[in-house]
Amino acid sequence: MAQARSKTIALPAIVDLDALDPIRDELIDAVDSGPVKVNGGKVERVATNALFMLLSAAETARRNNFSFAVTNASEPFRAAVARLGLGEPFAAITEG
């Protein structure tokens, strides 16, 4: 059996609708291959759709028996999560 490869995906400063397609493509590949870490340290603004996409990717990783974590979430990232009432689902996947 091939060993699962871990992947780290760095989110850009602006995670809006224009940024979603490339991030989605990276996430699709990553959650099928092994553990995933998403670095949110540079995020200045994040769209609601992006947050739901991350939760969906986390669930897909879980179903594939891989870990999934959002690391180094910036203050604007954390504020968006709180503002949308997504604190509980993100608490399960956020590190640091």
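Residues numbered from 1 in each chain as written. Predicted model: local features only at pLDDT ≥ 70, side-chain atom pairs only at ≥ 80, totals over all residues. Heavy atoms only, no water.

A. Molecular detail of helix H2 (residues 48-63). Taking 1.5 Å of rise per residue, the 16 residues of H2 would be expected to cover 22 Å, and the 23 Å separating its terminal C-alpha atoms lies within 8% of that figure. Taken as a whole, H2 has its buried residues at Ala50, Leu51, Met53, Leu54, Leu55, Ala57, Ala58 and Ala61. Looking one or two residues beyond H2, the residue adopting positive phi is asparagine 65, at roughly 65°. (Helix = DSSP H or I, 4+ residues; strand = E, 2+ residues; numbered from the N terminus. Expected span 1.5 Å × (residues − 1). Buried < 20%, exposed > 50% of the residue type's maximum accessible area, 1.4 Å probe, protein only.)

B. Highlighting unusual backbone geometry. Here the phi dihedral of asparagine 65 falls at roughly 65°; this positive angle occurs in a residue that is not glycine. Mapped onto the elements, asparagine 65 comes out in the loop between H2 and strand S5 (68-71). By relative accessible area, asparagine 65 is classed as exposed at 69%. You will see that asparagine 72, though not glycine, has its phi angle at about 55°, which is positive. As for its position among the elements, asparagine 72 is in the loop between S5 and helix H3 (75-83). Among the residues examined, asparagine 72 registers a relative accessible area of 49% and is labelled partly exposed.

C. Representation of helix H1 (residues 17-33) within the structure. Here H1 contains 17 residues, and its C-alpha end-to-end distance of 25 Å stays within 8% of the 24 Å for a straight helix at 1.5 Å per residue. The principal kink in H1, of about 25°, is found at isoleucine 23. Taken as a whole, H1 has its buried residues at Ala19, Leu20, Ile23, Leu27, Ala30, Val31 and Ser33. Each element contacted by the buried residues of H1 is listed here: strand S1 (7-10), strand S2 (14-15), strand S3 (36-39), H2 and S5. (Bend = angle between axes of the 7 residues up to and from the residue. Contact = heavy atoms within 4.5 Å.)

D. Molecular detail of the pattern of salt bridges. In this structure the tally under the stated criterion is eight salt bridges. In this structure, arginine 24 and aspartate 21 form a salt bridge, with 2.9 Å as the shortest nitrogen-oxygen distance. Taken together, the positions of arginine 24 and aspartate 21, both in helix H1 and three residues apart, correspond to about one turn of that helix. Given a relative accessible area of 44%, aspartate 21 falls into the partly exposed group. Note that glutamate 59 is salt-bridged to arginine 62, the shortest N-O span being 2.5 Å. Here the residue glutamate 59 and the residue arginine 62 both occupy positions in helix H2, the gap between them amounting to three residues, near one helical turn. One network of salt bridges, with partners in common, ties together Asp21, Arg24 and Asp25. (Salt bridge = Lys/Arg side-chain N within 4 Å of Asp/Glu carboxyl O.)

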